[in-house]
Amino acid sequence: MPTGAAYLIVVLVWATTPLTIKWSAEAGAPVGSVLLRMLIALLAGLAVVLFLRRERLRLDRRAVTSYAAAVPGVFGAMALSYHASMTLPSGLMSVMFGMAPLISGLILQVLPGATKLKRWHWLGCALGVVGLAVVFADSLALGQDQFLALALMLVAVTLFSGSGIAVQRVAAGLGPLEQTLGALALSLPCFFVLWLASGEPLAVPLTTRGLWSVLYLALFGSLLGFICYYLILSRLPAATVALVTLITPILALGLGMALNQEQPSGSLVVGALLILTALGAYLFGDRLARLAAKFKENGIEQ
């Protein structure tokens with residue numbers, strides 16, 4: 001697949017995922033909806049591996065460890081996100097997930113062998129905390145339910161970030177499809193137990209829009225999106241890939257307003273802008289500082 005096409009797919013899938021999560025759970029069965037999504041994704045992925053590629057999943061100890069490391073990011077993050085989607089606007093969910101690089105950087109600071117954060121990284125983290133505080137204050141003003149949903153999203157992003165770091169540290173050498181399917185296979189029993197414990201009806205209630213959303217999330221959000229993401233990660237500089245986390249929240253906010261009649265408050269918009277600015281400072285601050293220093297040196301030499 002061409003790199004440009006894969007990049008565009010990642011942007012579109014990540015931008016539309018929060019809205020389709022809301023639509024898939026709009027009938028009041030978030031756990032059943034995410035369980036159905038993961039089941040369809042697993043079956044479709046296994047069909048690709050077994051019949052089209054004629055391969056089998058690795059089941060050696062290192063591979064299974066890598067699959068298990070991904071479970072908090074699949075089961076934990078998705079279960080909490082679906083629950084939060086019952087209350088939060090889709091655009092705000094995307095903004096929260098955009099904080100993943102900031103949270104990953106902070107988690108790495110307590111792990112051995114990690115690169116220490118520099119000045120621009122800490123500035124980005126500080127701005128992110130301020131933006132998050134503004135968003136939390138706005139949510140608390142709107143009601144306790146939205147405040148708790150926002151807290152769940154923060155936990156979800158932390159689980160997603162920590163799980164990604166764990167998978168990288170296992171370094172099992174798995175392909176993106178193998179890693180995705182292994183993580184889905186180990187996460188599915190967790191979703192099933194949660195579904196039984198939730199008391200939701202055995203027949204998952206879905207609107208027509210919700211059903212199409214589940215299918216979209218299964219085939220594109222859980223399979224194609226991840227495959228394309230790992231593909232561009234292997235071909236493009238990390239900074240170019242990181243731009244996705246800046247682009248998708250803006251698109252998601254626009255889609256929520258245009259297709260779901262979401263009207264964010266002024267405070268929420270300010271908080272979101274602060275978080276996106278923080279992300280930009282964290283990801284590209286060092287590069288901008290080096291460019292500024294280079295221009296300054298060239299000016300002095302001239």
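For the structure, see preceding data.
Residues numbered from 1 in each chain as written. Predicted model: local features only at pLDDT ≥ 70, side-chain atom pairs only at ≥ 80, totals over all residues. Heavy atoms only, no water.

1. Details of the overall build of the chain
A count of helical and extended segments in the chain gives 12 helices and 0 strands. Going residue by residue from the N terminus, the α and β elements of the chain occur as α-α-α-α-α-α-α-α-α-α-α-α. For the chain, the residues scored as buried account for 45% of the 302 residues in total. For the chain, restricting intrachain contacts to residue pairs at least 6 apart in sequence, the fraction spanning at least 24 positions comes to 89%. (Helix = DSSP H or I, 4+ residues; strand = E, 2+ residues; numbered from the N terminus. Buried < 20%, exposed > 50% of the residue type's maximum accessible area, 1.4 Å probe, protein only. Contact = heavy atoms within 4.5 Å.)

2. Some thoughts on the side chain of R37
Within the secondary structure, R37 is located in helix α2 (residues 30-52). In this structure, R37 is buried with no salt-bridge partner, the nearest side chain bearing the opposite charge being E200 at 14 Å. Sequence-distant contacts of R37, that is, excluding residues within four places in its chain, are made with I21, M78, Y82, V214, L217, A218, G221 and S222. (Lys, Arg positive; Asp, Glu negative; His and termini not counted. Salt bridge = Lys/Arg side-chain N within 4 Å of Asp/Glu carboxyl O.)

3. Points about the pattern of salt bridges
Where charged atoms from two side chains of opposite charge approach closely, those side chains can pair. Applying the stated criterion to the full structure yields 2 salt bridges. Where E26 meets R209, a salt bridge forms, and the shortest distance between an N and an O atom there is 2.6 Å. Of this pair, E26 sits in the loop between α1 (3-24) and α2 while R209 is found in helix α9 (residues 208-235), placing the two residues 183 residues apart along the sequence. Owing to a relative accessible area of 36%, R209 belongs among the partly exposed residues under this scheme.

4. Quick look at the nonpolar core
Membership of the largest hydrophobic core comes to 58 residues, with the highest contact counts inside it found for M38, L88 and F191. The contact partners of M38, leaving out residues within four places of it in the chain, are V74, M78, L184, L188, F191 and S222. By size, the runner-up hydrophobic cluster in this structure holds 9 residues, among which are A6, C228, L231 and V244. (Core = buried A, V, L, I, M, F, W, Y, C linked by side-chain atoms within 4.5 Å.)

5. Details of helix α3 (residues 61-84)
The terminal C-alpha atoms of α3, which comprises 24 residues, lie 35 Å apart, in line with the 34 Å expected from a rise of 1.5 Å per residue. Of all bends in α3, the biggest is about 35°, found at A70, and the proline P72 comes one to four residues later. (Expected span 1.5 Å × (residues − 1). Bend = angle between axes of the 7 residues up to and from the residue.)

6. Quick notes on the side chain of S81
Mapping S81 onto the fold places it in helix α3. S81 sits in the buried class, given a relative accessible area of 1%. A polar contact is formed between the side chain of S81 and the backbone oxygen of A77, at a distance of 2.7 Å. In this structure S81 touches M93, F97, M153 and A156, once residues within four positions along its chain are discounted. (Polar contact = N/O pair within 3.5 Å; in protein donor to acceptor, adjacent residues only side chain to side chain.)

7. Some points on the packing of aromatic side chains
Pairs of aromatic rings are described using the distance from one ring centre to the other and the angle between the two planes. In total, this model carries 5 aromatic pairs according to the counting rule given. Note on W14 and Y229: the rings are 5.1 Å apart at their centroids and 35° apart in plane angle, and the pair reads as tilted. Remark: Y229 occurs in helix α9 and W14 occurs in helix α1; sequence separation between them is 215 residues. Ring centres 5.0 Å apart and planes at 75° place the aromatic pair F75 and F191 in the edge-to-face group. Of this pair, F75 sits in helix α3 while F191 sits in helix α8 (residues 176-198), and the two are 116 residues apart along the sequence. With a relative accessible area of 0%, F191 lands in the buried category. (Phe/Tyr/Trp six-rings, centres within 6.5 Å; stacked < 30°, edge-to-face > 60°.)

8. Regarding helix α4 (residues 90-97)
Side chains of residues three or four places apart in an α-helix project in the same direction, reflecting 3.6 residues per turn. Here α4 lies mainly inside the structure; 7 of its 8 residues are buried. Those residues of α4 lying buried are S90, G91, L92, M93, S94, V95 and M96.

9. Thoughts on unusual backbone geometry
It is generally the case that most residues other than glycine have a negative phi and that most peptide bonds are trans. One non-glycine residue, A171, adopts positive backbone phi at about 50°. Looking at the secondary structure, you find A171 in the loop between α7 (144-170) and α8. If you check the backbone angles, Q261 has positive phi at about 55° while not being a glycine. Among the residues examined, Q261 registers a relative accessible area of 59% and is labelled exposed.

10. Quick look at the packing of α3 against α8
Each pair of packed helices gets described by two things: the angle between the helix axes and the distance between those axes. One way to put it is that α3 packs onto α8 with a least axis distance of 7 Å and a crossing angle of 50°. With respect to α8, the axis of α3 lies oblique. Judged by the twist between their axes, the crossing of α3 over α8 is right-handed. Mapping the contact onto sequence places V64, S66, Y67, A68, A70, V71, V74, F75, M78 and A79 in α3 and E178, Q179, G182, A183, L184, L186, S187, C190, F191 and L194 in α8. Split by residue class, the contact of α3 with α8 holds 15 nonpolar, 4 polar and 1 charged. (Axes fitted to C-alpha atoms, helices over the stretch in contact; angles between N-to-C directions. Parallel < 35°, antiparallel > 145°, perpendicular 65-115°, else oblique. Left-handed = near helix turned anticlockwise from the far one by under 90°. Nonpolar A, V, L, I, M, F, W, Y, C, P; charged D, E, K, R; others polar.)

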